[in-house]
Amino acid sequence: MAQLAKILRSLLVRGPVTVLLALVQLLFLLLFGLLAFIVSLLECLRDFLRRRNLKEEEDEDEKCDKPLPEAVNRRPDPCIYSQEYLASQGVPVTWNNPDIWMAKASSPNVIEPDSYHLEANTDYIVSVRCHNASTDLAVGVRVRLLYRPWSFNSPDLLPVSVTADGQEVVRFVNIPGMGATVAQFPWRTPTAAPGQTRHFCLQAHLSHPMDINLENNMGQENTNVHAANPGHVAPGEIVDVDVPLFNNSRRPNRFVFRADAYAVDTAAQVQLELRLNTGTERWPLSKRIGSLVPRFRFAEEHLPESKRESGDDVHPRSSVRRDRLRFTFGFPKRRTVVRARYAGHRSYMKELRGKDFGLPTGMPFDTPGIGDALDLPGGGNHAVPVRLQVPAAAQDGTEYSINVRAEGKGGRLAGGVTFLLRVREP
Amino acid sequence: MPRGLPRFAYCTGPGDARSHKTIGGLLGAVMSLWFTSKVLAIFVVGVLGLLIPMLLLGPCFGIIPATIAIVSMLQDFKEWYYRDRLLCIEDRDNCVLGSVLHKPEASLDGDRKMDLLLAPFTEPECFETLCRHLNANQGLLNTDATFNDPQFFGGTVPVAYPGCDEDILTDPNKKPADRRAERTKLADYLKAIKGSDPNDGDATSKVYNAMQIGWMDRLLDPGNTNSAGQPKNFQGRYFRKDPAFITPGSTLWNAIPPDFDPGTPWQGTDGSLSPLTANNPYEVEHQPRPLNAMFRFDQDRLLPYLHCEVDGNYLQLLMDELSLSVTTFGIAYGFLCLLPLPPWVAPLVAAILALLIFLLQRWLDGGSDRGDADPVDVEFDDPENFGEDGQQLDGDLVAIFGPWIMDTEHAQYFEIHPVKAYYILGRNARSGDIDLFDSAADQRKSGTERLHNALVDAAMVSAVCEAVNEAEGEDPGPVILRDAPTALSHGLKTRWGGGGWPAPVK
């Protein structure tokens, strides 16, 4: 009986209605469809006259497989506090990276106040906070943690941790859109001779195949590894450190050195607003005229998906399904693709650019023997003597975060180091 | 959240989901007749559907019911294809992880299809397991009675089982070419016992199905564990009907053809053949049928896979273009036959007009690419987008999000359809001509930096899918607050993400 009803409904309702609507479509088609076709021919003629070339244009799409529709793809932006990227935008930077911190493996919940007073030959857990600056989720972000000799820009890099068969330990993390996730690595700090302090620079590298911004993926953190108790400075003490500088290019370069007292402001808040970028299907005039022909299409209904009820038979009810699919008869619409991002960083950037982060009063900075600038041949290197004097009036417990940066031609950041000086009464 | 992705095909519940053989409606009645008797079907359609109306109403008016009948059938087909063809397994979207075996490519219906080797299975493991399984059933495969399957074989062994080298992937003396040759040998053997039915291109022989089911039983065995001792069957429900997810005896359970017989010693020597048969609700001939595997099988690479499709709507456009064309024919014919013209003029002119209208509407709908699930050529408000489009490559490890369904066509398989979100986790490709067929040693050599199927475990699937479910759920608000270090970590700049954002409401 149900089958008969279905047949009768097809024959007596759906069929006649479709035929009637097809007649309406036919009338519009004869009017606008033919007009659209004529306009399309004129467009082809116009294009031909513009190119004046009978040769067909190469279609790049034919060369490789078409990607999936944009609405299906997810494009993350894994990122980390990246000195080079920030400096390229003219904002001050520190090598005391807010996204990298440490704790002793024996007391993993006690985070070291900074990475400048670490003990040598000791097991630490290095935490790397990985961010995602996209509205899309980032899954499978590869995180590498490497270290290199302390320097402005040494090219030598070693993994902080390797497996039993000598392979680098890497982490894969998932980062929510506009969120952050922490990856952790074990690191046994290198040994140091009695009384010696060794300097290292940690580098965290993030990577993802669909990354929309490859420039904010590498962050650095300066560390100091001490043989015995971590060192402190006294008021008036002169800190002399030789920092290796490498000219990693093949051409000679002139480097200048600058120091500032910039430190990341952890209290400030930045308000970000959602922006949408709507892409609308390109329609030439002929297509627009053609769109005046009504036709059947899928109804644009976005009903909330019902969730699985635990413990029940999970198939959906027919009544739910019946409401979902509907054909309508009307004019076709242009298809759209919508991308999103959160914007609003500009005001904070302006604020940073406008602030003075000069050295504290009574703290001179010098690079003895270097003068105004240092010329290095391509591939050359030099140990740059950096001298800072702790202010004589510095109070016990005061902490100074001093950044020294090497800039190449055009003010381009070649590298930098951050000195974290904690004052203790002599 | 509703994403900016058009959706065309919807799944339906048990009892409503039908294959083309059990379609229902006017078209279904004709199809039923066809499967009962092709002569009877032609007679009924020809005489009752066309001739009698023509005789009763005359050719000029008889064309009207004939037109309505044909258009009804076209619309029945369209509705069935997009509404009644797919069976919902769960009334929610699912998330699966696996390695892409083939680049997404266009299907005949405009969908973009891709196949996933579900994690944590790898090509070497699948080969070794299949090899071991077939060797264990050598006696069965060389017994005539095994091939007593009248739809395909007449009770004699079609080709002797050639045996397989189970250790070829770990044998240091064997070269990649030897391994590939061994795989080809096995693939050729399986093709030989697959059988063929000229009346049903999707049907495969009982023994061919049984070997796949037994092989899958080995892969999904809880004793098949990774290096950490964890079972590898954590995504097994997409390969085999799982009573832990589908209640046995429920209408849904009964709507999925049986794909496993717990009483059969699948992993025993010569045990991979079940006597169990059942009526398949989506078939009409050769009932009852033997077990029906719910996964698909790559016959060349010897891999099980989950089929996934991004929705296109080519068939919808085609059915509507045909409806318009048939209506044009009917109107033109009815009008012309009233005029004093030779009898051949009306059908000829009407057919030409119908063809021209069909071609015009086809052109308006987008020509040969109409309805394909391809990227849309769009013009953005802000043209400063990221550069090239992300390519989907063979060997990518991906997470796919969408409804889990069973296609009632193609001998019934589980699918993710339509794919609503595609997350790439890692590039696994090693060359343009991707082939994952490496030995375990080759895989070890490739290092831990590459995220691939073998590195995926249940915890990772759970973490990724939880994140995906959350990301595809609620969106953050229009305004968010972030502390200054986070803003700096973003690089004080953000770029436009993927194009799956819901369209703004105007």
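About the thresholds
Residues numbered from 1 in each chain as written. Chains lettered and ligands numbered in written order. Predicted model: local features only at pLDDT ≥ 70, side-chain atom pairs only at ≥ 80, totals over all residues. Helix = DSSP H or I, 4+ residues; strand = E, 2+ residues; numbered from the N terminus. Buried ≥ 20, exposed ≤ 12 C-beta atoms within 10 Å, placed from the backbone. Contact = placed C-beta atoms within 7 Å. Domains from an automatic or database assignment. Nonpolar A, V, L, I, M, F, W, Y, C, P; charged D, E, K, R; others polar. Pairing = 2+ DSSP bridges. Expected span 1.5 Å × (residues − 1). Bend = angle between axes of the 7 residues up to and from the residue. pLDDT = per-residue confidence, 0-100. Axes fitted to C-alpha atoms, helices over the stretch in contact; angles between N-to-C directions.

## Re the overall build of chain A
- When helices and strands are tallied, chain A shows six helices and 21 strands.
- In chain A, which comprises 426 residues, the proportion classed as buried is 37%.
- When contacts within chain A are restricted to residue pairs at least 6 apart in sequence, those whose partners lie at least 24 apart make up 79%.

## Notes on the domain arrangement of chain A
- Here chain A is described as being made up of domain 1 (1-59) and domain 2 (78-265 + 345-422).
- For domain 1 of chain A versus domain 2 of chain A, the separation of C-alpha centres amounts to 63 Å.

## Things to note about the interface of chain B and chain A
- Each side of the interface is counted separately: chain B has 114 residues, and chain A has 113 residues.
- By residue number, the principal contributor to the side of chain B that touches chain A is helix α2 (residues 38-84) of chain B, which donates nine residues.
- Tallied by class, the residues present in the side of chain B that touches chain A amount to 57 nonpolar, 32 polar and 25 charged.
- The pairing of strand β13 (residues 269-281) of chain A with strand β12 (residues 479-483) of chain B spans five bridges and is antiparallel. Bridged to Q269(A) within β12(B) is D483(B).

## Quick notes on the domain arrangement of chain B
Residues and elements named next belong to chain B.
- The domain architecture assigned to chain B consists of domain 1 (20-84 + 314-369) and domain 2 (88-312 + 394-490).
- On a C-alpha basis, the centroid separation for the pair domain 1 and domain 2 is 41 Å.
- Across the contact, six residues belong to domain 1 and eight residues belong to domain 2.
- Split into classes, the residues belonging to the side of domain 1 that touches domain 2 amount to three nonpolar, two polar and one charged.

## Thoughts on the sheet that holds strand β11 (residues 238-246) of chain A
Residues and elements named next belong to chain A.
- The sheet built from three strands is open, its strands ordered β11-β19-β17 with antiparallel pairing. Where the open sheet ends on each side, the last strands, each with one partner, are β11 and β17 (365-366).
- By the bridge criterion, two bridges tie β17 to strand β19 (residues 381-389) in an arrangement that is antiparallel. Counted as the bridge partner of D366 is R387 from β19.

## What to know about helix α1 (residues 2-51) of chain A
- Compared with an ideal rise of 1.5 Å per residue, which puts 50 residues at 74 Å, α1(A) spans 62 Å between its outermost C-alpha atoms and falls more than 12% short.
- Considering bend angle alone, the principal kink of α1(A) is centred on L29(A) and spans about 40°.
- Looking at α1(A), one finds that the buried residues are S10(A), R14(A), G15(A), T18(A), V19(A), A22(A), Q25(A), L26(A), L29(A), G33(A) and A36(A).
- Considering only its buried residues, α1(A) is in contact with α4 (285-290) and β14 (295-298) of chain A together with α1 (25-36), α2, α8 (314-336) and α9 (345-365) of chain B.
- Downstream of α1(A) by one or two residues, R52(A) has phi in the positive range, about 50°.

## Some details on the environment of V468(B)
- By the secondary structure assignment, V468(B) is in helix α11 (residues 458-471).
- Assessed through the 24 C-beta atoms surrounding it within 10 Å, V468(B) is described here as buried.
- Linking V468(B) and Y422(B), residues 46 residues apart in sequence, is a C-alpha distance of 9.8 Å.
- Excluding its chain neighbours within four sequence positions, the residues that come into contact with V468(B) are L137(A), V139(A), C95(B), A399(B), F401(B), A421(B) and Y423(B).

## Quick word on the confidence of the model for chain A
Residue and element names in this part refer to chain A.
- Considering every residue of chain A, the mean pLDDT works out to 85; 89% of them sit at 70 or more.
- Mean pLDDT per element in chain A: helix α5 (residues 318-322) is the minimum at 38, and strand β1 (residues 78-79) is the maximum at 97.
- Across residues 302-323, confidence stays below pLDDT 50; counting only partners more than four residues off in sequence or on other chains, it has 35 contacts.

## A word on the sheet that holds strand β20 (residues 399-407) of chain A
Residues and elements named next belong to chain A.
- On the basis of which strands lie adjacent, the open sheet formed by four strands has the order β18-β12-β20-β21 and antiparallel pairing. Each edge of the open sheet is held by one strand with a lone partner, namely β18 (374-376) and β21 (413-422). Each strand of the sheet is rotated relative to its neighbour by a mean of 25°, with strand direction disregarded.
- Of the pairings in the sheet, the one linking β20 to β21 comprises nine bridges and is antiparallel in character. When the bridges of β21 are listed, E407 appears paired with L413.

## So, helix α6 (residues 206-219) of chain B
- Taking 1.5 Å of rise per residue, the 14 residues of α6(B) would be expected to cover 20 Å, and the 20 Å separating its terminal C-alpha atoms lies within 8% of that figure.
- The buried count for α6(B) comes to 13 of 14 residues, which makes it a mostly enclosed element.

## Regarding the environment of L41(A)
All names here are of chain A.
- Mapped onto the elements of the fold, L41 is located in helix α1.
- The class of L41 is exposed, set by 11 C-beta atoms lying within 10 Å.
- In sequence terms L41 and S151 are 110 residues apart; their C-alpha atoms lie 66 Å from each other.

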